[in-house]
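Summary of structural features
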Amino acid sequence: MTHEITDITIIGGGPTGLFAAFYTGMRGATAQIVDALPQLGGQLTALYPEKYIFDVGGFAKVLAKDLVNALVEQAAQFHFKSHLNQNVTALERNDDHLVLVTETDRFPTRAIVIAAGIGAFSPRRLPQQCAEPWYGRGIFDRVSDPEEFRGQKIVIIGGGDTAFDWAQQLRDRAKAVTLVHRSDKYRAHGATIADVQAAVAAGRTTLLPFHELHDVISVDDKLTGVTLRDVKSKTTRDVEADAVLPMLGFHSDIGALSEWGLQCVDDEIVVNSLMETGRPGIYAAGDITAYPGKLKLIATGFGEAATAVNQAVHWMYPAKKIDPGHSSNMAIFGQKDD
Ligand SMILES: Cc1cc2nc3c(=O)[nH]c(=O)nc-3n(C[C@H](O)[C@H](O)[C@H](O)COP(=O)(O)OP(=O)(O)OC[C@H]3O[C@@H](n4cnc5c(N)ncnc54)[C@H](O)[C@@H]3O)c2cc1C
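Residues numbered from 1 in each chain as written. Predicted model: local features only at pLDDT ≥ 70, side-chain atom pairs only at ≥ 80, totals over all residues. Heavy atoms only, no water.

**Regarding the overall build of the chain**
- Scanning the chain from N- to C-terminus turns up six helices and 21 strands.
- For the C-alpha atoms alone, the extent of the chain along its principal axes is close to 70 × 40 × 40 Å.
- Each of the 338 residues in the chain was classed as buried or not, and the buried ones make up 50%.
- Counting contacts in the chain only where the partners sit at least 6 residues apart, residues at least 24 apart contribute 59% of the total.
- For the chain, the exposed area adds up to about 16,000 Å²; of that, 50% sits on carbon and sulfur atoms.
- Seen as two clouds, the 32 positive and the 41 negative side-chain charges of the chain have centres 4 Å apart. (Helix = DSSP H or I, 4+ residues; strand = E, 2+ residues; numbered from the N terminus. Buried < 20%, exposed > 50% of the residue type's maximum accessible area, 1.4 Å probe, protein only. Contact = heavy atoms within 4.5 Å. Areas by Shrake-Rupley, 256 points an atom, 1.4 Å probe, with all protein chains shown as cover. Lys, Arg positive; Asp, Glu negative; His and termini not counted. Charge placed at Lys NZ, Arg CZ, Asp CG, Glu CD.)

Below, the structure written as structure tokens:
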């Protein structure tokens, strides 16, 4: 399918891309977001929707998923389009515009803001073949709504931040939480490990170091538990489970973006202070960018998105100034001046 030409196509619907969509609309240009994931929000939605963020301007604290909802609401004032499950794999140049290409669709565009974060990412799968048939029907590698697991017996596999975060978040909702890891070396934040260990001491969580998945137990084609193997003693034990959550981290890959003639260093795109990539009409912002002093934070991504969009708008339409003026005075928001 070939879509209508848009002023700015934003690759990535994380916080940077969402703010870029808002800013594009505020500048009177059309925006669309193309994202490989099934939901908007980037890392916030995929990795830590239930965690509080404390360092975004204007919020003493905000849940990651609530920040995403607020960004979507802000951008939606200008009716941006979002195209999800669309992994951008190629870039073509036509006479007077660019075309972004995914496996199924083509997105003609006048300018591009690359807000692709750490690249297109997908969860690492369990290496045990016995797990494969159960993905999506008993084994889930993403948690979008923890309420889905209320009252259930949950086995979480992993030793990093995501595994420990979900062990912490689910224990008050689930009937039982068992956290399983291949060793006793955990990579999660120290405070979270201490919190989970305190819950273990209080009998509210079971922690099984030196264990791995050995088999899936089912009755009438429904997952009812897992057999775990002690990697030291080589013995096995069965644990009842309604759901198994492998939280083994993510593969991420900037893939095709590194083949577009942009200067890339360590999977990051080098930009100047105007967020220009060196290719006319192509800007970048957020975690994907590299420049002296770069900080990978939501707050910096917002500023970079504003710079990239203002530059892109002026590049496409030279009569439009780079400086947007103050939103508090803009007619587009019903204020008196433009
Ligand atoms: C556990 C955790 C906690 C964090 N806590 C904080 C915090 O408290 N404060 C803070 O400021 N930051 C925090 N961060 C960092 C913050 O999440 C990132 O800085 C932020 O998400 C970067 O936003 P982004 O929009 O640039 O990229 P991302 O959020 O990574 O979004 C990029 C999007 O681009 C998409 N994409 C990539 N390549 C393609 C492609 N080829 N085609 C289509 N789509 C593509 C991806 O699917 C993704 O949705 C945390 C990160 C983690 C992992």
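**Considerations on the site of the ligand**
- Neighbouring residues of the ligand: 30 residues in total, closest Asp 35, Gln 43, Tyr 48, Asp 55 and Asp 287.
- Taking Pro 15, its main chain carries an N or O atom lying 3.4 Å from an oxygen atom of the ligand.
- Every element with two or more residues in the shell around the ligand is listed here: helix H1 (15-26) and helix H2 (42-46).
- Top element by residues in the shell around the ligand is H2. It accounts for three residues. (Near = heavy atom within 4 Å. Polar contact = N/O pair within 3.5 Å; in protein donor to acceptor, adjacent residues only side chain to side chain.)

**Examining the packing of aromatic side chains**
- A full pass over the atoms with the stated rule returns eleven aromatic pairs.
- Measuring from ring centre to ring centre gives 6.1 Å for Phe 22 and Tyr 23, while their planes differ by 90°; the resulting arrangement is edge-to-face. Tyr 23 carries the same exposure label as Phe 22, and that label is buried.
- Taking 5.8 Å as the distance between ring centres and 40° as the angle between the ring planes, the aromatic pair formed by Phe 22 and Phe 78 counts as tilted. Of this pair, Phe 22 sits in helix H1 while Phe 78 is found in the loop between helix H3 (64-76) and strand E5 (81-83), placing the two residues 56 residues apart along the sequence.
- On the basis of relative accessibility, which here comes to 6%, the residue Phe 22 falls in the buried class.
- Here Arg 137 stacks its cationic end above the ring of Trp 134, 4.3 Å away from the centre of that ring.
- It is Lys 232 that lies over the ring of Phe 210; its NZ or CZ is 4.2 Å from the centre. (Phe/Tyr/Trp six-rings, centres within 6.5 Å; stacked < 30°, edge-to-face > 60°. Lys NZ or Arg CZ within 6 Å of the ring centre and 35° of its normal.)

**Overview of the nonpolar core**
- Counting 59 residues, the largest nonpolar core has Ile 8, Ile 10, Ile 11, Ile 114 and Trp 260 as the members making the most contacts within it.
- Counting only elements with at least two residues in this core, the list comes to strand E1 (6-11), H1, strand E2 (31-34), H3, strand E7 (98-101), strand E8 (106-114), strand E20 (282-284) and helix H6 (298-316).
- At nine residues, the largest contribution of residues to this core is made by H6.
- Setting aside residues no more than four positions away along its own chain, Ile 11 makes contact with Val 34, Val 88, Leu 100, Ile 112, Val 113, Ile 114, Ala 115, Ala 116, Leu 257 and Trp 260.
- Within the second largest apolar cluster, 20 residues are counted, among which are Ile 156, Phe 164, Trp 166 and Val 196. (Core = buried A, V, L, I, M, F, W, Y, C linked by side-chain atoms within 4.5 Å.)

**Observations concerning the domain arrangement of the chain**
- Domain boundaries in the chain define domain 1 (6-121 + 251-333) and domain 2 (125-248).
- Taken together, the contacts link eight residues of domain 1 with nine residues of domain 2.
- Both faces considered, domain 1 and domain 2 share a buried interface measuring about 690 Å² in area, 45% of it formed by carbon and sulfur atoms.
- Connecting domain 1 to domain 2 are one salt bridge.
- Here Asp 165 and Lys 51 are joined by a salt bridge, their closest N and O atoms 3.0 Å apart.
- At the boundary of domain 1 and domain 2, one finds one residue pair in polar contact (both at pLDDT 80 or more). (Domains from an automatic or database assignment. Buried area = accessible area lost by both parts, 1.4 Å probe. Salt bridge = Lys/Arg side-chain N within 4 Å of Asp/Glu carboxyl O.)

**Focus: the sheet that holds strand E18 (residues 264-265)**
- The three strands are arranged E18-E19-E21 in an open sheet whose pairing can be described as mixed. Both edges of this open sheet fall to E18 and strand E21 (289-290), since each of them pairs with a single strand only. (Pairing = 2+ DSSP bridges.)

**Notes on the packing of H1 against H3**
- H3 packs onto H1 with a crossing angle of 20° between their chain directions and a minimal axis gap of 8 Å. Considering their axes alone, H1 and H3 lie roughly parallel with respect to each other. Regarding H1 and H3, the two cross each other, and that crossing is left-handed. Taking contact as the criterion, the partners of Pro 15, Leu 18, Phe 19, Ala 21 and Phe 22 in H1 are, on H3, Val 68, Leu 71, Val 72, Gln 74 and Ala 75. (Axes fitted to C-alpha atoms, helices over the stretch in contact; angles between N-to-C directions. Parallel < 35°, antiparallel > 145°, perpendicular 65-115°, else oblique. Left-handed = near helix turned anticlockwise from the far one by under 90°.)

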